[in-house]
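Spelled out from the first residue to the last, the chains are:
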Amino acid sequence: MMIERYKINQDQKKRIWKWLQSNNIANRGEFDGDKEKQLVGLIGEFEVHNYLLGYYPEFKKGFDGGVDIIYKDKTIDVKTMGRNVDCQMHYVNNFVASQLKYDCDVIIFVSVNKKDNTFSICGWIEKNNLQRKSILYEKGEKRQRDDGTFFKCEADMYEIFNYNLIDMKWLKNKNK
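Here is a short report on the structure shown in this document. Keep in mind the model is a prediction, meaning the values are calculated, not measured.

1. A closer look at the overall build of the protein
Along the backbone of the protein there are four helices and 10 strands. When the helices and strands of the protein are listed from N to C terminus, the series reads β-α-α-β-β-β-β-β-α-β-β-β-β-α. Relative to a compact globule of 176 residues, whose C-alpha radius of gyration would be 16 Å, the protein shows 15 Å and is just as compact. Each of the 176 residues in the protein was classed as buried or not, and the buried ones make up 44%. Put simply, 62% of the contacts in the protein that link residues at least 6 apart link residues at least 24 apart. Total accessible area on the protein stands at roughly 9,800 Å², and carbon and sulfur atoms take up 48% of it. When the 30 basic and 26 acidic side-chain charges of the protein are each reduced to a single mean position, those positions are 2 Å apart.

Quick look at the structure:
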């Protein structure tokens, strides 16, 4: 599997940022993101929506129940990480453990390169396979990045490598 890069739609990015100035989507109660993290998350969600369905969605107010997109009768939660580099196959994606309770079929992981305004759809996994294919790290555990820096987990979270995800082309072309 190869991770493809796409340009972020700048008009959509501006539209999202403007909407976020008077709206807050950080509703989990833990590991809630600031406005910049919310921007990155919505960019990932909107770009995946456009990739799968061919158009950008309208904004939703209130809690979505962990479902961002419905595609081919599958409920999808999109998880996006902001980075300053292009995503690579050995990179990991994070999934906050408390979100396992939400009812979705598929999790799609996206990486946004904030420096060059691109995004990569890293791949997807059926939610019922997430725990088997990932590693659980507890809140407070120290994690090391590729560049040698460290961070502490702010919540219990699963890390899944890109190479453990399924290529998006398979999901998009399934049952065409």
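That was the structure; now back to the text.
2. Notes on the pairing of strand S4 (residues 92–96)
Consecutive side chains of a regular strand alternate in pointing toward one face of the sheet and then the other. Across the five residues that make up S4, a large majority, five, are buried. Alignment of S4 against strand S10 (residues 157–161), held across five bridges, turns out to be antiparallel. Bridged to Phe95 within S10 is Tyr158.

3. Regarding the sheet that holds strand S7 (residues 135–137)
Taken together, the three strands give an open sheet; going across it, the order is S4-S10-S7, and neighbouring strands pair in antiparallel fashion. Strands at the two margins of the open sheet, each flanked by one partner only, are S4 and S7. For this sheet the average axis-to-axis angle between neighbouring strands, irrespective of direction, equals 30°.

4. Topic: helix H1 (residues 10–20)
Of the residues making up H1, those classed as buried are Gln12, Ile16, Trp19 and Leu20. Projection of H1 onto a plane perpendicular to its axis shows the buried side chains occupying an angular sector of 100°, all on one side. Residues of H1 that are exposed and angled more than 90 degrees away from the buried face: Asp11, Lys14 and Lys18. Contacts made by the buried residues of H1 are with helix H2 (35–53). Between the side-chain oxygen of the N-cap and the backbone nitrogen of Asp11 there are 2.9 Å, and the N-cap of H1 in question is Asn9.

5. A closer look at the environment of Val40
Secondary-structure assignment places Val40 in helix H2. Between the C-alpha atom of Val40 and that of Phe119, which follows or precedes it by 79 residues, the distance is 9.7 Å. If we skip the residues at most four places from it in the chain, Val40 touches Thr80, Met81, Gly82, Val112 and Lys114.

6. A closer look at the sheet that holds strand S6 (residues 118–126)
The strand order across the open sheet built from five strands is S1-S6-S5-S3-S2, with neighbouring strands paired in mixed fashion. With partners counted over all chains shown, the strands left at the sheet margins are strand S1 (5–7) and strand S2 (69–71), one partner each. On average, adjacent strands in this sheet sit at an angle of 35° to one another, irrespective of strand direction.

7. Focus on the nonpolar core
Where a protein is soluble and globular, its nonpolar side chains tend to be buried together. With 26 residues, the main nonpolar core has Val48, Leu52, Ile76, Ile108 and Met168 as its most contacted residues. The set of elements that each furnish at least two residues to this core consists of H1, H2, S2, strand S3 (74–83), strand S5 (106–113), S6 and helix H4 (168–173). Considering each element in turn, this core owes the most residues, eight residues, to H2. The contacts of Val48, once residues within four sequence positions are left out, are Ile69, Val78, Ile108, Val110 and Ile121.

Parameters and conventions
Residues numbered from 1 in each chain as written. Predicted model: local features only at pLDDT ≥ 70, side-chain atom pairs only at ≥ 80, totals over all residues. Heavy atoms only, no water. Helix = DSSP H or I, 4+ residues; strand = E, 2+ residues; numbered from the N terminus. Rg over C-alpha atoms; globule rule 2.2 N^0.38 Å. Buried < 20%, exposed > 50% of the residue type's maximum accessible area, 1.4 Å probe, protein only. Contact = heavy atoms within 4.5 Å. Areas by Shrake-Rupley, 256 points an atom, 1.4 Å probe, with all protein chains shown as cover. Lys, Arg positive; Asp, Glu negative; His and termini not counted. Charge placed at Lys NZ, Arg CZ, Asp CG, Glu CD. Pairing = 2+ DSSP bridges. Axes fitted to C-alpha atoms, helices over the stretch in contact; angles between N-to-C directions. Arc of directions from axis to C-beta. Polar contact = N/O pair within 3.5 Å; in protein donor to acceptor, adjacent residues only side chain to side chain. Core = buried A, V, L, I, M, F, W, Y, C linked by side-chain atoms within 4.5 Å.

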